[in-house]
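# Summary of structural features
Chain by chain, the residues run as shown.
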Amino acid sequence: MNNLLFLLYLLLSLNPKEPKFDMQEIDGNVAIGYGLAIGDVDGDGKPDILLVDKTEIVWYRNGDWKRFVMVENLTEFDNVCIAARDINGDGKVEVAVGAQWNPGETSDAEKSGSVHYLIRPEDPTRKWTPVQLHHEPTVHRMRWAKTSENNYQLVVLPLHGRGNKMGQGAGVRVLAYQPPNDPREEWTTQLIDASMHLTHNLDIVELEDGSGESILVGGREGVKVFSFKEGKWTNYSDVERIVEDHAVGELRLQLLPFGFKALATVEPMHGNMVAVYEVKNFDNESPIRRELDNTLKDGHAIGWGDFLGNGVNQVVAGWRVANDDGDFGIKIYTPKNGSFADFEEYWLDKNGMACEDLQIADLNGDGKPDIIASGRSTNNLRIYWNKSD
């Protein structure tokens, strides 16, 4: 039966249809659009859009897409990252943010890299209350990770190690923050790893059914994986890194049918390359690397979605600076025959979105994943509504 299902999976992807999207711009006054998150902010059962911008953290209400300011002027320097997830089961997201974005200062935690938890008001359209947590210089990305059935931790990823200069020196301190019952009280932290340099982004995913969530960290030395075992974060397996020979800036892992996995990357940090690593088991196999595109400039976003509804996932990637052809924007890469050994590429947005970040979510409940992107020099926030057949 598995062979028959796999054959069906291959047949569905033989001649992929062209994806179709309708673009809606919901904000044309974004300052930079550093980072996006998707989650239910007001508890109405619909996913909202959260955006961390230069001086404001805001959310957009699903439906009318009205913009609400959560926090403004949090620190001297820019806000830079956001994490939003329902961690207590009440149907509404808890939110943390990183700010004081000053990547040239790698030593002084007062002048670079701040972490804050936002306490929601009774009315989420009002201002939220920031709680200052342990600061780490050059904090750049963060995500909530599930460690057990009833516990989540905030995983925080700086860009540089302390005192690091031009990617040289101490490794990046990847930290896990444990929230107390009262978020105003002290949060404990655990060091996950300090071996990598120029760690630009991370992903949180279940590598195997029932195994719990793992953290994938991408940086100059490739990609490392950590899982929560016996009360602490540790290496996922005996394999030191699942990507070793290529520096990685952006990364997202997708679980495929029949236990296969595929890791999509932008290489190197702020790089020109979109690649996919296909593998059955990271423990004992070397992934097959597929180069999809080498024409990006300042590649800054990557994601997965079955935009065509054929059971086969496609890659979407965005970049923010005009390349040698004078183009920037977002492309979709669609595999043939169930593998990226052969694929088609399509423009989603050509020269209208200097993509700083993107997220994928079904915003209108039609069962089709939509794409949400924020633009740096284009100063915009757009929804690309999935209209594929």
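Now for a description of the structure that goes with this document.

Parameters at a glance
Residues numbered from 1 in each chain as written. Predicted model: local features only at pLDDT ≥ 70, side-chain atom pairs only at ≥ 80, totals over all residues. Heavy atoms only, no water. Helix = DSSP H or I, 4+ residues; strand = E, 2+ residues; numbered from the N terminus. Rg over C-alpha atoms; globule rule 2.2 N^0.38 Å. Buried < 20%, exposed > 50% of the residue type's maximum accessible area, 1.4 Å probe, protein only. Core = buried A, V, L, I, M, F, W, Y, C linked by side-chain atoms within 4.5 Å. Contact = heavy atoms within 4.5 Å. Pairing = 2+ DSSP bridges. Polar contact = N/O pair within 3.5 Å; in protein donor to acceptor, adjacent residues only side chain to side chain. 1 Å grid on protein atoms, 1.4 Å probe; cavity = no way out; pocket = protein on both sides within 12 Å on 5 of 7 lines; lining within 4 Å. Points joined across faces, edges and corners; volume = space filled by probe spheres on them. Nonpolar A, V, L, I, M, F, W, Y, C, P; charged D, E, K, R; others polar. Salt bridge = Lys/Arg side-chain N within 4 Å of Asp/Glu carboxyl O.

### A look at the overall build of the protein
Along the protein, the regular secondary structure elements total one helix and 28 strands. Taking 21 Å as the expected radius of gyration for a compact globule of 389 residues, we find that the protein reaches 20 Å, a close match to that expectation. Counting only C-alpha atoms, the protein reaches 55 × 50 × 45 Å along its principal axes. Relative to its 389 residues, the protein shows a buried fraction of 57%.

### Examining the nonpolar core
A general tendency of soluble globular proteins is for nonpolar side chains to be buried together. Residues Leu 50, Ile 57, Met 70, Val 95, Met 142, Trp 144 and Leu 154 are the most contacted members of the largest nonpolar core, which totals 41 residues. If we skip the residues at most four places from it in the chain, Val 95 touches Leu 50, Met 70, Ile 82, Ala 83, Ala 84, Tyr 117, Leu 118 and Trp 128.

### Structural notes on the pairing of strand β16 (residues 222-229)
Taking burial as the measure, the eight residues of β16 include six buried ones, the bulk of the element. In this structure, the hairpin formed by strand β15 (residues 213-219) and β16 is closed by a connection of two residues. As defined by bridge partners, β16 adjoins strand β17 (residues 232-235) across four bridges and the pair is classed as antiparallel. Residue pairing for β17: Ser 227 is matched across the bridge by Thr 234.

### Remarks on the environment of Gln 24
For Gln 24, the location among the structural elements is in strand β1 (residues 21-27). Among the residues examined, Gln 24 registers a relative accessible area of 31% and is labelled partly exposed. Counting along the chain gives 348 residues from Gln 24 to Ile 372, while the straight-line C-alpha distance between them is 9.7 Å. Residue contacts for Gln 24: discarding those within four places in its chain leaves Trp 65, Leu 381, Arg 382, Ile 383 and Trp 385. At a separation of 2.9 Å, a polar atom in the side chain of Gln 24 contacts the side chain of Trp 385.

### Side note on empty space enclosed by the protein
Tallying each qualifying case throughout the model produces two cavities of 30 Å³ or more. Its volume calculated, the second largest cavity comes out at about 40 Å³. Around the second largest cavity, the lining residues are Val 225, Tyr 236, Ser 237, Val 239, Glu 240 and Ile 242. By residue class, the composition of the lining of the second largest cavity is four nonpolar, one polar and one charged.

### Some details on the pattern of salt bridges
One pass over the full model with this rule turns up 26 salt bridges. For Glu 345, the salt bridge is made with Lys 331, and the minimal N-O distance between the two is 2.9 Å. With Glu 345 in strand β25 (residues 339-350) and Lys 331 in strand β24 (residues 329-336), the pair connects residues that are 14 residues apart, well separated along the chain. On the basis of relative accessibility, which here comes to 6%, the residue Lys 331 falls in the buried class.

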